[in-house]
Amino acid sequence: MAAKPVVKRLVVLVSGSGTNLQALLDEIAATGTEAYGAEIVAVGADRDGIEGLARAERAGLPAFVRKVKDYDTREEWDAALAESVAAHEPDLVVSAGFMKIVGKEFLARFGGRFVNTHPALLPSFPGAHGVRDALAYGARVTGCTVHFVDDGVDTGPIIAQGVVEVRDEDDESALHERIKEVERRLLVDVVGRLARNGYRIEGRKVVIQ
Ligand code: GRF
């Protein structure tokens, strides 16, 4: 009998509407955990009352919230976040619109298996306003980048990118919506391939086996 395929454990971190989380949930439900290669075992957030947490609840997933303001220092928050994620024993942690920079403790535990999605073509327009900054700069193309997280802001090794044209009539919200359509497909594709095939990080290059 063939060995049972390994299903990787994902913890997904969110701060907002959670449509990237939903895309992962929908794909895994449609494909099946074994064929996709991964399942979401928990969702974490840095704030309450967001649609991302409601999506987790509707999917019947355990969720946790770790707010910076509930801790005396940023380091304590980071350690608490890392502990909450570790409790779910993830193989990969996915930052899907998680709007916080994690610290040393988190990276010590999850570095090399912490994936982020960013709404611009890195290394252009890193930071919290990637869509607004690309528009203000007058870029004619922008897009999204799925990358591993290192100790910089959106500086880690790039796994995959998707390109989106900027239209003359675009405002930040219209452009962001078109980027997110590409971003959701890219994230679902990348996470599945990392989970199923395995990968190695060689300097700045990510090789998916
Ligand atoms: C995404 O564009 C992500 O790159 C950015 O915020 C958005 C999150 O969207 N940081 P959602 O919460 O997954 O809908």
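Structure shown above.
Computed from a predicted model, the values in this text were never measured in an experiment.

A.B. asks: Quick question: what am I supposed to make of the overall build of the protein here?
C.D. replies: Summing up its helical and strand segments, the protein has 7 helices and 9 strands in all. Its C-alpha atoms give the protein principal-axis dimensions of about 55 × 50 × 40 Å. The proportion of buried residues among the 209 residues of the protein is 46%. For the protein, long-range pairs separated by at least 24 residues make up 62% of all intrachain contacts whose partners lie at least 6 apart in sequence. For the protein, the accessible area works out to roughly 10,300 Å², and carbon and sulfur atoms hold 50% of it. Positive and negative charge centroids in the protein, built from 26 and 32 side chains respectively, lie 3 Å apart.

A.B. asks: Any chance you could explain helix α4 (residues 74-86) here in plain terms?
C.D. replies: Between its first and last C-alpha, α4 extends 18 Å over 13 residues, near the 18 Å set by a 1.5 Å rise per residue. Among the residues making up α4, those that are buried are W77, D78, A80, L81, A82, S84 and V85. Of the surrounding elements, those touching the buried residues of α4 are β1 (8-14), β3 (63-65), β4 (92-95) and α5 (104-110).

A.B. asks: Help me understand the packing of aromatic side chains in this model?
C.D. replies: When we look at a pair of aromatic rings, we describe it by the centre distance and by the angle of the planes. Evaluated as defined, the whole model comprises 4 aromatic pairs. Between the aromatic rings of F106 and F114, the centroid separation amounts to 4.9 Å while the plane-to-plane angle is 55°, which identifies the pairing as tilted. For the pair formed by F106 and F114, the shared burial category is buried. Connected via pairs of aromatic rings, a cluster forms that spans F106, F110 and F114. R196 extends its terminal NZ or CZ atom over the ring of Y36, reaching a point 5.9 Å from the ring centre.

A.B. asks: What exactly am I supposed to notice about helix α7 (residues 172-197) here?
C.D. replies: Because an α-helix completes one turn every 3.6 residues, residues spaced three or four positions apart along the sequence face the same direction. Along its 26 residues, α7 runs 36 Å from first to last C-alpha, staying within 8% of the 38 Å computed at 1.5 Å per residue. With its phi angle positive at about 80°, G198 sits one or two positions after the end of α7.

A.B. asks: Explain the packing of helix α1 (residues 19-31) against helix α3 (residues 51-58) to me, please; I cannot follow it from the model alone.
C.D. replies: Each packed pair of helices is defined by two parameters, the angle between the axes and the distance between the axes. Packing of α1 against α3 brings their axes to within 9 Å, and their N-to-C directions diverge by 20°. By the criterion of interaxial angle, the relationship of α1 to α3 is roughly parallel. Residue-level contacts link T19, L21, Q22 and L25 of α1 to G52, R55 and A56 of α3. Here the contact of α1 with α3 is built from residues that sort into 3 nonpolar, 3 polar and 1 charged.

A.B. asks: Even after reading the chapter, I still don't get the packing of helix α6 (residues 130-137) against α7, so can you show me in this structure?
C.D. replies: Running from N to C, α6 and α7 point in directions that differ by 120°, and their axes come no closer than 9 Å. Classified by chirality, the crossing of α7 by α6 is right-handed. On the side of α6, the interface is formed by V131, R132 and L135, while α7 contributes E172, L175, H176 and I179. Taken together, the residues that form the contact of α6 with α7 break down as 4 nonpolar, 1 polar and 2 charged.

Rules used in this analysis
Residues numbered from 1 in each chain as written. Predicted model: local features only at pLDDT ≥ 70, side-chain atom pairs only at ≥ 80, totals over all residues. Heavy atoms only, no water. Helix = DSSP H or I, 4+ residues; strand = E, 2+ residues; numbered from the N terminus. Buried < 20%, exposed > 50% of the residue type's maximum accessible area, 1.4 Å probe, protein only. Contact = heavy atoms within 4.5 Å. Areas by Shrake-Rupley, 256 points an atom, 1.4 Å probe, with all protein chains shown as cover. Lys, Arg positive; Asp, Glu negative; His and termini not counted. Charge placed at Lys NZ, Arg CZ, Asp CG, Glu CD. Expected span 1.5 Å × (residues − 1). Phe/Tyr/Trp six-rings, centres within 6.5 Å; stacked < 30°, edge-to-face > 60°. Lys NZ or Arg CZ within 6 Å of the ring centre and 35° of its normal. Axes fitted to C-alpha atoms, helices over the stretch in contact; angles between N-to-C directions. Parallel < 35°, antiparallel > 145°, perpendicular 65-115°, else oblique. Nonpolar A, V, L, I, M, F, W, Y, C, P; charged D, E, K, R; others polar. Left-handed = near helix turned anticlockwise from the far one by under 90°.

By themselves, these figures tell us nothing about what the structure is for.
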